[in-house]
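Now for the letters of each chain:
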Protein chains: 2
Amino acid sequence: MNDLWKKNLRDIEPYVPGEQSKDRDIVKINANENPYPPSPKAVEALKNFDTDRLRFYPQANATALKQAIAEYYKVKTENVFVGNGSDDVLALAFQAFFNGDKPIAYPDITYSFYPVWCRLLGIEYVNYPLDENFRINVDDYKEENGGVVIPNPNAPTSIGEGREFVEKLMEYNRDSVVIIDEAYCDFGGVSSVPFIEKYENLLVTGTFSKSRSLAGMRIGFAIGSKTLIDTLEAVKNSYNSYTVDALSIAMGIEAMKDVEYFNKTISKIIATRTRVTEELRLLGFEVLDSQTNFIMATHEGYNMKEMFEYLKDNKIFIRYFNQPRINKYVRITIGTDEEMDKFLQGVKDFINR
Amino acid sequence: MNDLWKKNLRDIEPYVPGEQSKDRDIVKINANENPYPPSPKAVEALKNFDTDRLRFYPQANATALKQAIAEYYKVKTENVFVGNGSDDVLALAFQAFFNGDKPIAYPDITYSFYPVWCRLLGIEYVNYPLDENFRINVDDYKEENGGVVIPNPNAPTSIGEGREFVEKLMEYNRDSVVIIDEAYCDFGGVSSVPFIEKYENLLVTGTFSKSRSLAGMRIGFAIGSKTLIDTLEAVKNSYNSYTVDALSIAMGIEAMKDVEYFNKTISKIIATRTRVTEELRLLGFEVLDSQTNFIMATHEGYNMKEMFEYLKDNKIFIRYFNQPRINKYVRITIGTDEEMDKFLQGVKDFINR
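Just so you know, these numbers come straight off a predicted model, no measurement behind them. (Residues numbered from 1 in each chain as written. Chains lettered and ligands numbered in written order. Predicted model: local features only at pLDDT ≥ 70, side-chain atom pairs only at ≥ 80, totals over all residues. Heavy atoms only, no water.)

(A) Quick peek at the overall build of chain A. Across its full length, chain A carries ten helices and twelve strands. Taken over the C-alpha trace, chain A has a radius of gyration of 21 Å; the compact-globule value for 353 residues is 20 Å, and the two agree within 12%. Expressed as lengths along the three principal axes of its C-alpha atoms, the size of chain A is roughly 60 × 60 × 50 Å. Here chain A holds 353 residues, and 62% of them are scored as buried. For chain A, the proportion of contacts with a sequence separation of at least 24, taken over those separated by at least 6, is 73%. (Helix = DSSP H or I, 4+ residues; strand = E, 2+ residues; numbered from the N terminus. Rg over C-alpha atoms; globule rule 2.2 N^0.38 Å. Buried < 20%, exposed > 50% of the residue type's maximum accessible area, 1.4 Å probe, protein only. Contact = heavy atoms within 4.5 Å.)

Structure representation (C-alpha cells):
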C-alpha cells in the first residue's frame with residue numbers, strides 16, 4: 001500500500017504522566033493526589049444531580065463555576081476562566097499569550113509539560129537554572145522575553161517564593177504575559193491572585209486536582225485581567241466550546257464553597273508533611289522545605305533510584321525523575337498518616353535491608 | 001500603564017455554539033440534543049461510583065472506555081481514541097494529520113467549527129460547494145489536497161452519503177488523511193468504520209452527545225488504523241493527558257454497552273422524524289430527507305427567519321443560520337412527540353397569525 005499519506009502526520013514526543021496502577025492495594029504517593037476524599041458537599045451535589053439533564057450540553061462558559069471561584073478568591077466573575085484540568089488551561093494560555101518572536105522563559109527544573117507544549121505549539125523557550133538550593137533567581141527574568149511561566153511553589157522542588165519575588169518578576173516583565181502556575185499553592189504557598197489588579201499582564205492558574213481532591217473530575221482555572229480572560233475564552237472557543245462537563249461544574253461549585261472541609265484537609269496534610277519531614281531528617285535524609293503536598297528528599301548514604309525501586313517492589317509508589325540535577329532525589333506525595341507510616345517503615349526496611 | 005504586553009495576544013474569531021437558555025420551560029430543539037435521558041445503566045454506573053476515588057486522576061488512556069467502543073464497532077482497542085467530546089477529538093486530529101503544504105478540503109456548507117480550527121491552527125483550506133440539492137460531489141475531492149474532512153451525514157443539511165461515495169472518496173485520496181465525522185450517523189446514516197481496515201488513512205469520528213444522550217458528559221471518539229490512533233495519542237499527550245474524566249468513562253462504558261436502550265431511543269427519534277417531516281410537507285414546507293436527528297426545512301410562502309423569531313417568542317427554540325445558501329431554511333432538532341406537537345402547533349400559529 002501507498003504510504004504517502006503518512007508524510008503529513010505530526011511526529012512529536014509526548015509528556016509522560018506519573019505511573020498508574022490498577023492495584024488498589026498499593027500506597028499510591030506518586031502523583032500528588034490528595035489522600036482525602038472530595039468535600040461531602042461536592043459528593044451530595046453529584047448524588048442530587050438530575051441525570052436526565054445530562055442529555056443537554058453543559059453551559060459552555062460554566063458561569064456558575066466561575067462565580068464560585070470568583071467568590072473564593074475575591075475577584076469578579078469576568079476575571080475567571082475554567083478548563084478541563086489546569087493542563088488544558090495552560091495549553092490554551094500558551095496559545096493565547098505566547099505569540100511573540102522572542103523565546104518564553106521558565107526554570108530548568110520545573111513542570112515537565114512546559115517544554116512539551118512549546119514543542120507542540122512551536123514556541124521558542126529559554127531555561128534559567130535554579131540556584132544550588134533549587135531557588136529561582138528572579139534577576140534572570142530581567143532579560144527581554146516572549147512570556148514567562150513559573151510554578152509557585154515550584155514542582156518538583158516543592159519550594160515557594162514570596163510576594164517580593166512576584167513583585168520584582170512583574171516589574172521586570174511589563175511587556176509580556178507572566179503565568180504563575182499555582183497548582184500547589186494551597187498547601188502553604190503565597191498566592192499572586194491579589195496582584196492581578198495591579199498587573200494586567202499576570203495570569204494565575206490553579207486546579208481542583210490537588211487541594212480539592214477532584215483529580216478524577218478534571219477542573220482547572222485561571223484568574224487574571226478581563227483582557228487576558230477574554231483572549232483565553234476566544235482561543236478556547238476556537239478549540240472546544242464545552243470543556244468542563246455538567247457533573248464537574250456541579251461538584252466544582254460545592255468543592256470551592258466548602259471552605260471548612262478544605263481548611264481541615266489542608267491542615268491535616270500540612271501536619272503530616274511536617275511529621276514525615278522530621279522523621280526523614282532523623283534518618284539522615286536531606287528534605288527540602290516544602291510548601292506543597294509533596295516533598296523532595298535525598299540521602300547521602302543511599303541511592304534514591306534503588307530506594308524508589310525497592311519501595312515499588314513493596315507496593316509503595318513514589319516518584320523518581322531520571323534527569324540531571326534531581327536524579328539524586330525522590331518525590332513523595334503526602335498521603336494519610338497511615339500511608340506515610342507504611343512509607344516510613346518501607347524506608348527503614350530499605351536502609352536495614 | 002504600558003500596554004506592550006498586549007502585542008503577543010492571539011486575535012481570533014471563535015465558534016459560536018447554539019443558544020442556551022436557563023429557562024426549563026422552553027421547547028429546546030436547537031442544539032441537536034437527544035430528547036431521551038441517558039441509558040439507565042449509565043445512570044446506575046454513576047450512582048454506584050465510589051466517589052472517594054475521584055481524588056485520583058482518571059486512567060490517562062481510558063482503556064476501559066476504548067474497549068467498550070471497540071466491542072460495539074467490532075474493531076480492536078488499539079483502533080480507538082477517546083477525547084473530551086468530538087470537538088476535542090477533531091481539534092487534535094487536525095493537529096495530528098493536517099500538516100502538509102496543501103490546503104485541506106471540505107464542503108462549503110458543513111459543520112462551522114472546521115474553518116475555526118483551520119484559523120486557530122494555521123491550516124489552509126478549500127471549500128467545494130454542495131450541489132443545488134445540497135449533495136456533496138465526490139469528484140471535487142479528486143484534487144490534490146493536504147487532507148479531507150467530511151461529515152456523513154452532513155450538517156446542517158441532514159443528508160447522508162452511502163458506501164459508494166466513501167469508496168470513491170478514499171480511492172481519490174490515497175495520499176492524505178480523510179476524516180469522516182459521524183456525529184449524526186447513528187440516526188440512519190451509513191458508517192464508514194468497516195473501511196478502516198482497507199484504508200489506513202481513514203479516521204472516523206463519533207460522539208456520545210447525540211445518539212447516546214450524554215452531551216453533558218463530553219465524550220467523543222475516533223476509530224482508525226493503529227498508525228493514525230498512535231499519532232493522535234502522541235498529540236493528545238502533548239496537550240492534556242487526562243481529557244476524559246472518571247465519571248464520563250464510567251457512564252460512557254455502560255451507555256455504549258446498552259444496545260437495547262440505544263436501539264429503542266433511536267427508533268423513536270426516527271419515527272418522530274418521519275411524522276414531523278410528513279406533517280411539515282402537508283403544510284407546504286420543503287423538508288430535506290434527513291438521516292440525522294434534525295431536519296432542514298423551508299417554505300416558499302414564508303420567511304424562515306421570521307418563523308424562527310416567532311417560535312422563539314413562544315418559547316420554542318429552533319436554529320436559523322444567517323449565511324448564504326441556507327438562510328432560507330431552519331434547522332429543527334427532533335424532540336419527543338410532545339415537544340414536536342408543540343412545535344407543529346407553533347408553526348401553524350405562525351402561518352395563521
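(B) Here's a closer look at the sheet that holds strand β12 (residues 330–333) of chain B. Residues and elements named next belong to chain B. As summarised here, the arrangement of the three strands in space is β9-β10-β12, forming an open sheet in which the pairing is antiparallel. For this open sheet the edge positions go to β9 (286–287) and β12, each flanked by a neighbour on one side alone. One ladder, built from four bridges, connects strand β10 (residues 294–298) with β12; its direction is antiparallel. Residue pairing in the sheet places I295 in a bridge with I332 of β12. Most of the contacts of helix α8 (residues 259–282) go to β10, to which it runs at about 5°, and overall it touches β9, β10 and β12. (Pairing = 2+ DSSP bridges. Axes fitted to C-alpha atoms, helices over the stretch in contact; angles between N-to-C directions.)

(C) Spotlight on the confidence of the model for chain A. The share of residues in chain A with pLDDT of 70 or more is 99%, and the mean pLDDT across the chain is 96. With a pTM of 0.96, the predicted complex shows an ipTM of 0.96. (pLDDT = per-residue confidence, 0-100.)

(D) Local environment of the side chain of D181 of chain B. All names here are of chain B. Along the chain, D181 falls in strand β6 (residues 178–181). For the buried D181, which has no salt bridge, the nearest side chain bearing the opposite charge is K210, at an N-O separation of 9.3 Å. A polar side-chain atom of D181 sits 2.7 Å from a polar atom in the side chain of Y114. Beyond its immediate stretch of four places on either side in the chain, D181 contacts L90, Y111, Y114, I150, P151, N152, P153 and T205. (Lys, Arg positive; Asp, Glu negative; His and termini not counted. Salt bridge = Lys/Arg side-chain N within 4 Å of Asp/Glu carboxyl O. Polar contact = N/O pair within 3.5 Å; in protein donor to acceptor, adjacent residues only side chain to side chain.)

(E) Quick peek at the pairing of β10 of chain B. Residues and elements named next belong to chain B. Counting buried positions along β10 yields five of five residues, so the element is predominantly enclosed. Here β10 shows two buried faces, one formed by F294, M296 and T298 and the other by I295 and A297. Sheet analysis places β9 next to β10, joined by two bridges and oriented antiparallel. Paired with E286 across the two strands is T298, which belongs to β10. Connecting β9 to the next strand, β10, in antiparallel fashion are six residues.

(F) Just the nonpolar core, in detail. Core analysis: the biggest nonpolar cluster contains 112 residues, and L65, I69 and L247 of chain A together with L65, I69 and L247 of chain B have the highest contact counts within it. Among all residues touching L247 of chain A, those that are not within four sequence positions of it are L46, F49, L54 and M217 of chain A together with L46, M217, L247 and M251 of chain B. Counting 70 residues, the second-largest nonpolar core is a separate cluster that includes V149 and L228 of chain A together with I104 and L203 of chain B. (Core = buried A, V, L, I, M, F, W, Y, C linked by side-chain atoms within 4.5 Å.)

(G) Geometry of the packing of aromatic side chains. Across all of its chains, the model carries 49 aromatic pairs over all chains by this definition. Look at Y72 of chain B and Y73 of chain B: their rings are 4.9 Å apart centre to centre, the planes differ by 80°, and that puts the pair in the edge-to-face class. According to the relative accessible area criterion, Y73 of chain B is buried, its value standing at 17%. Members of the aromatic cluster, each reached through a chain of ring pairs, are Y15, F94, F98, Y106, Y111, F113, Y114, W117 and Y125 of chain A. A cation over an aromatic ring shows up here: R331 of chain A above the ring of F294 of chain A, its NZ or CZ 5.6 Å from the ring centre. (Phe/Tyr/Trp six-rings, centres within 6.5 Å; stacked < 30°, edge-to-face > 60°. Lys NZ or Arg CZ within 6 Å of the ring centre and 35° of its normal.)

(H) Structural view of the interface of chain A and chain B. Taken residue by residue, the interface counts 92 residues in chain A and 92 residues in chain B. With both sides pooled, the region where chain A packs onto chain B buries about 7,700 Å², and carbon together with sulfur makes up 55% of that total. The tally of links from chain A across to chain B stands at zero salt bridges. In this structure, the connection of chain A to chain B is made through 37 residue pairs in polar contact (both at pLDDT 80 or more). Of all elements in the fold, only α1 (40–47), α3 (85–97), α4 (113–121), α6 (226–236) and α7 (246–257) of chain A reach the threshold of two or more residues within the side of chain A that touches chain B. Per-element accounting of the side of chain A that touches chain B gives the leading share, seven residues, to α3 of chain A. (Buried area = accessible area lost by both parts, 1.4 Å probe.)

(I) Highlighting the packing of helix α8 (residues 259–282) of chain A against helix α10 (residues 337–351) of chain A. Residue and element names in this part refer to chain A. The contact between α8 and α10 brings their axes to 11 Å, and the two run at 10°. Between α8 and α10, the angle falls in the class roughly parallel. For the pair α8 and α10, the contacting residues are T272, R275, V276, E279 and L280 in the first and D337, M340, D341, F343, L344, V347 and K348 in the second. Here the residues of the contact of α8 with α10 are counted per class, giving six nonpolar, one polar and five charged. (Parallel < 35°, antiparallel > 145°, perpendicular 65-115°, else oblique. Nonpolar A, V, L, I, M, F, W, Y, C, P; charged D, E, K, R; others polar.)

(J) Seen up close, the pattern of salt bridges. Per the counting criterion, the structure on display carries 32 salt bridges over all chains. In this structure, E33 of chain A engages K28 of chain A in a salt bridge whose closest nitrogen and oxygen atoms are separated by 2.7 Å. With its nearest N and O atoms 2.7 Å apart, the salt bridge here joins K226 of chain B to D230 of chain B. One end of the pair, K226 of chain B, and the other, D230 of chain B, are both in helix α6 (residues 226–236), four residues apart, so they sit about a helical turn from each other. Given the relative accessible area of 37%, D230 of chain B is considered partly exposed. The network of salt bridges with shared partners includes R275, E279, D337 and D341 of chain A.

(K) Region of the structure containing the pairing of strand β5 (residues 148–151) of chain A. Residue and element names in this part refer to chain A. Judged by which residues are buried, β5 turns out to be covered on both faces: V148 and I150 on one side and V149 and P151 on the other are all buried. In the sheet, β5 pairs with strand β6 (residues 178–181) via four bridges, with the strands oriented parallel. What sits directly across from V148, in β6, is V178. Once the chain exits β5 it traverses helix α5 (residues 163–172) before rejoining the sheet at β6, and the crossover so formed is right-handed. (Right-handed = clockwise from strand over helix to strand, strands pointing away.)

(L) Here's a closer look at the packing of helix α9 (residues 304–313) of chain A against α10 of chain A. Residue and element names in this part refer to chain A. As a packed pair, α9 and α10 sit with axes 10 Å apart at the nearest point and diverge in direction by 120°. What the angle tells us is that α9 and α10 run oblique. Helix-helix and strand crossings are classified by hand; for α9 and α10 the assignment is right-handed. Contact with α9, carried on its side by E306, M307, Y310 and L311, involves F343, G346, V347, D349 and F350 of α10 and no other residues of that element. (Left-handed = near helix turned anticlockwise from the far one by under 90°.)

(M) Empty space enclosed by the protein, seen in detail. Counted according to the given criterion, the structure contains nine cavities of 30 Å³ or more. A volume near 460 Å³ is recorded for the largest cavity. Y57 of chain A together with Y15, Y111, Y184 and K210 of chain B are the residues nearest the centre of the largest cavity, which is lined by 31 residues in total. When residues of the lining of the largest cavity are assigned to their parent elements, the largest contribution, four residues, is made by helix α3 (residues 85–97) of chain B. Of the residues assigned to the lining of the largest cavity, the class counts are 14 nonpolar, eleven polar and six charged. Around the second largest cavity, the lining is made up of 14 residues, and of these D88, Y239 and N240 of chain A together with D88 and Y239 of chain B lie nearest the centre. At the level of secondary structure, the elements contributing two or more residues to the lining of the second largest cavity comprise α3 of chain A together with α3 of chain B. Here the lining of the second largest cavity is composed, by residue class, of four nonpolar, six polar and four charged. (1 Å grid on protein atoms, 1.4 Å probe; cavity = no way out; pocket = protein on both sides within 12 Å on 5 of 7 lines; lining within 4 Å. Points joined across faces, edges and corners; volume = space filled by probe spheres on them.)

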